[in-house]
Amino acid sequence: MEGSHSHLTVTTFLAFLVLSQLQASIQAQDACPESSALEIPENNNVGDLVTTIDIPPGATLRLNPPQGSVNPFFLNGTQLLAAIVFDAEQYTTLTAGLVCQKPASSPVSFSVTVVVANVNDNPPVFPQTVYQFNVSELSPENTVLGRVEAQDLDKLDLYYRLDGETSGFKLSSPTVPEILVQSLLDYDKVKNVSLTLFVQDTLPGVSPSYNTSTTIEITILDVDNRPPWFQPCTVYEAGTNLICSSSGYTGRVTLNKKETEPLKLNPGPLYAIDGDSGINEEITYTILGGDDGNLFQIDPITGNISMQKEADTLETITLTVLAAQKINTFQVSSTSVTINVLVESLHLPTFQSPRYQGTVTGVGIMAMDMKNEPLQFLATDADYAATGGLNPNIIYYIDGNSNFSIVGGYLFMTKNLTEATLNLQVVAKDTYNDETATAELLLEVKSVVVPSGGYGSNDMVALGATLGVLLCVCLAIIAFLIIHIRRDRGDWKKLHEINQFKSSLNKGLGGKKEGIQYTNDAFSKDEDGSSTRSGSPNGGTIIQPVEPDTMARDLEKYLSPEEPSVLVQDDAASQSGLDSDDKEKEVRPILTKGRRQDEGYKSVWFKEDIDPEAKEEVVIIPDSRENDSDEEDQEQTDGNREEKEEDTKMPKTRVVFKDTELDREGELSQDDEVLNINL
């Protein structure tokens, strides 16, 4: 029973709960709605649905508009609609007042609040279209010029970017639009800078996005940091500094004559400008030194130099002139003025002819006169009478025309010109005192026409190729000949040694002998011993042929191992000659006991043996030692006597192989080898 009772109690509780919820729901459906809020994006359209309002059946709904303003809503049944375009920049929230009334019930008021959601629909805007700033040229880096900030109605974060024609400026950061000095400025290089500042309301790549720009004009102010610059000058850049270098000034005055006007100087009047052109301060001038005689004075404002008295000495005066800024007197510079005191010129240069005529045909071609001779200009100066009026200081040029040049008085064209007749003026200038003379020149410019049929560039190329081929062929032939000559050098060496040997046999008597010497005992008793001297150590030796076999063996020792031996054959063999591949000449003894009539064979006879009636042509070889001193003749006579005695004791032929050269007296050295061969 107790279990049944518990189950009944739970069931009853659940049923009561369901009935309560059902009753509450029925009551809620019968009640008017309460106040609520919702969010609507801006930029909507008029008539867009804002919300739908639930009311009890039979109840009525009406809009309670605000007093004194436009109602942003209107009702269409239970639909609340937008009567205006919502703008978050104008309205952040809008409220619709509503009244709900059930039959036989009191009206119930409630509201619907609309929060207008902001949308990125406005571009950023700069307050000004142009911003201007001034900055000194010596401003340090990161100096702040100013802040240029844009405004955005959408209250979004803005991002900036700086574009310009120079890298001298930068932004503090992409979100902080401060203009800073990026690098050192120079007024003389850049005086004004124009920059463009861009702004965007989103990061790149995000949509929707709006941007705009403005212009920033920056004026760079000059700073007084440079001294005066004498003009003209050459400007040099040394790092970040500019230096103006002037070569000084030169002038002339006449001896014992005071100039009444300011001196004319070269390259122009003396003056200086402020090195800081943006300030351009006034300059004052002073002579610092060099004017020991107080001959000159300078105008402190204009810089003109004039004479206080005449110069009485031929000399060169160098003045030092100081230029200083009038206000900032610490900015100064100096230059030199060189004045030459000269003798007065009594005569001006004079052209030999007041008018010249000529023609010129091309650049670099000398102009010709009407007689087809070189056109020459010549001006004389009567002050140089000792040299026939020729002044070495005179130069010539064409006034106002750089297309012509005069060299040594002859005219040349320096630039191609069209055919025309030109009226020019020739100037002769004395560089010593700047005196000048002028003459007229009527010059006809003609063009030279190249005749047709001439050689062109293609012909020149063909000719060059042909010459190149011929050159290669010649070089090949020369190389072949050099190789061939080097290859046959051994054969030529052999011929040279054989010719040396033959020449040693044909030298005659009394001379220094090289190679082999032969003694012929058959003539050792000849009375005219002096005429048969061979220059041997004993003197008076007579040469005769030896046995062919013996000579051949001995010659084998004389020749070098790399070369074949040359054999001396007997008379019969020697008459027939040696026929070699190189057709070398025959080697034959030149002294024999009998005369030979063979062609190409020479016989040597002593003077006593010459037949006066012989029809042969005889050449008498004079004794080259007839003019020797008596002391030398005496030594040779003693030598002959000793040789005859030795020959009597030893009747044999002596062959000398010379390993070293004979000494200057024709005697054998100690190292000479002597071979005695019996005939």
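I will try to describe carefully the structure that is included in this document. (Residues numbered from 1 in each chain as written. Predicted model: local features only at pLDDT ≥ 70, side-chain atom pairs only at ≥ 80, totals over all residues. Heavy atoms only, no water.)

Observations concerning the overall build of the chain
Threshold: Helix and strand definitions follow DSSP, with helices as H or I runs of at least four residues and strands as E runs of at least two, each counted in order from the N terminus. Here the term buried applies to any residue with accessible area under 20% of the maximum for its type, exposed to any over 50%, and partly exposed to those in between, with areas from a 1.4 Å probe on protein chains only. Here, two residues are considered to be in contact whenever any of their heavy atoms come within 4.5 Å of each other.
Each helix and strand in the chain was counted, giving six helices and 35 strands. Relative to its full complement of 679 residues, the chain shows a buried share of 30%. For the chain, contacts bridging at least 24 residues in sequence account for 61% of all contacts bridging at least 6.

Description of unusual backbone geometry
Across residues other than glycine, the phi torsion is negative in most instances, and most of the peptide bonds are trans. In this structure, the amide linkage connecting Gln-231 to the following residue, Pro-232, adopts the cis form with an omega of -5 degrees. Topologically, Pro-232 is positioned in the loop between strand S15 (228-231) and strand S16 (234-238). Cis geometry marks the peptide bond from Asn-266 to Pro-267, where omega comes out at 10 degrees. Take Pro-267: it is sitting in the loop between strand S19 (265-266) and strand S20 (271-274). Positive phi, normally seen in glycine, also occurs at Lys-155, with a value near 60 degrees.

Digging into the sheet that holds strand S18 (residues 249-254)
Here is the rule: Strand pairing is assigned whenever DSSP detects at least two bridges linking the two strands.
Taken in spatial order, the five strands line up as S19-S18-S25-S24-S21 in an open sheet, and their pairing is mixed. Two strands in the sheet have a free side with no partner beyond their single neighbour: S19 and strand S21 (283-289). Judged from the six bridges that link them, S18 and strand S25 (residues 332-342) form a sheet pairing that is parallel. Residue Gly-251 lies in a different strand from S25, and its bridge partner there is Ile-339.

A few points about the state of the cysteines
Here a disulfide denotes a covalent bond joining the sulfur atom of one cysteine to the sulfur atom of another. What counts, and what does not: For the purposes of this analysis, a disulfide is any pair of cysteine sulfur atoms at a distance within 2.5 Å.
Applying the stated rule across the entire model yields two disulfides. Disulfide pairing places Cys-32 opposite Cys-100 at an S-S distance of 2.1 Å. With the S-S bond torsion at -70 degrees, the cross-link from Cys-32 to Cys-100 turns out left-handed. A residue pair is termed long-range when its members are at least 10 positions apart, and Cys-32 in the loop between helix H1 (2-30) and strand S1 (36-41) and Cys-100 in strand S6 (residues 93-101) qualify at 68 residues. Here Cys-100 falls in the buried class, since its relative accessible area comes to 0%. With its sulfur 1.4 Å from that of its partner, Cys-233 forms a disulfide with Cys-244. Its S-S torsion of about 70 degrees marks the bond between Cys-233 and Cys-244 as right-handed, since a negative value means left-handed. Here Cys-244 lies in strand S17 (residues 241-245) and Cys-233 lies in the loop between S15 and S16, a separation of eleven residues in the sequence.

Quick look at the pattern of salt bridges
Using the following cut-off: A pairing counts as a salt bridge when a side-chain nitrogen of Lys or Arg comes within 4 Å of a carboxyl oxygen of Asp or Glu.
Following the criterion strictly, the structure yields ten salt bridges and no others. Linking Glu-178 and Arg-147 is a salt bridge whose minimum nitrogen-to-oxygen distance equals 3.6 Å. Taken together, the residues Glu-178 in strand S12 (residues 176-181) and Arg-147 in strand S9 (residues 144-147) connect sequence positions 31 residues apart. Here Glu-178 falls in the partly exposed class, since its relative accessible area comes to 24%. A relative accessible area of 43% places Arg-147 in the partly exposed class. For Arg-161, the salt bridge identified is with Asp-163, shortest N-O distance 2.9 Å. Judged by relative accessible area, which is 43%, Arg-161 ranks as partly exposed.

Some details on the environment of Thr-113
Along the chain, Thr-113 falls in strand S7 (residues 108-117). Residue Thr-113 is classed as partly exposed on the basis of its relative accessible area, which comes to 23%. With residues up to four places along the chain from it excluded, the contact list for Thr-113 reads Ser-36, Ala-37, Leu-38, Leu-94 and Thr-95.

Some details on the sheet that holds strand S5 (residues 79-82)
For the record, the criterion: Interaxial angle, 0 to 180 degrees, is taken between N-to-C directions of lines fitted to C-alpha atoms, where a helix line uses only the stretch in contact.
Across the sheet, three strands lie side by side as S2-S5-S4; this open sheet has antiparallel pairing. Because the sheet does not close on itself, it has two edges, and the strands there are strand S2 (49-52) and strand S4 (73-76). Strand-to-strand twist across the sheet, computed as the mean angle between neighbouring axes with direction ignored, equals 25 degrees.

Digging into the environment of Ser-136
Within the secondary structure, Ser-136 sits in strand S8 (residues 130-136). A relative accessible area of 26% means that Ser-136 is categorised as partly exposed. In the structure, Ser-136 is positioned 51 residues away from Tyr-187 in sequence and 8.5 Å away in space, judged by C-alpha atoms. Once you skip the residues sitting within four places of it in the chain, Ser-136 turns out to touch Leu-185, Leu-221 and Val-223.

Overview of the packing of aromatic side chains
Using the following cut-off: For this analysis, a ring pair means two rings from Phe, Tyr or Trp (six-membered ring only for Trp) whose centres lie within 6.5 Å, classed as stacked if their planes differ by under 30 degrees, edge-to-face if by over 60, and tilted for the remaining angles.
By the definition in use, this model includes five aromatic pairs. Summarising the aromatic geometry, the rings of Phe-351 and Tyr-396 are spaced 6.1 Å apart at their centres and angled 50 degrees between planes, so their arrangement reads as tilted. With Phe-351 in strand S26 (residues 350-351) and Tyr-396 in strand S29 (residues 394-398), the pair connects residues that are 45 residues apart, well separated along the chain. In this structure, Phe-351 and Tyr-396 share a single accessibility class: buried.

Digging into a nonpolar patch on the surface
Under the convention used in this document: By definition, no residue in a patch forms a salt bridge, and every one has over 30% relative accessible area; like charges are joined within 9 Å, nonpolar side chains (Val, Leu, Ile, Met, Phe, Trp, Tyr) within 5 Å. Only the protein chains shown count as cover for residues, and the accessible areas themselves come from Shrake-Rupley with a 1.4 Å probe.
A contiguous nonpolar patch, built from Val-469, Val-473, Ile-477, Phe-480, Leu-481 and Ile-485 and spanning about 590 Å² of accessible area, is present on the exposed surface. We classify Leu-481 as partly exposed; its relative accessible area is 44%.

Some words on the side chain of Asn-403
Looking at the secondary structure, you find Asn-403 in the loop between S29 and strand S30 (404-407). Asn-403 gets classed as buried once you look at its relative accessible area, which sits at 19%. The residues contacting Asn-403, other than those within four sequence positions of it, are Phe-412, Met-413, Thr-414, Lys-415 and Leu-417.

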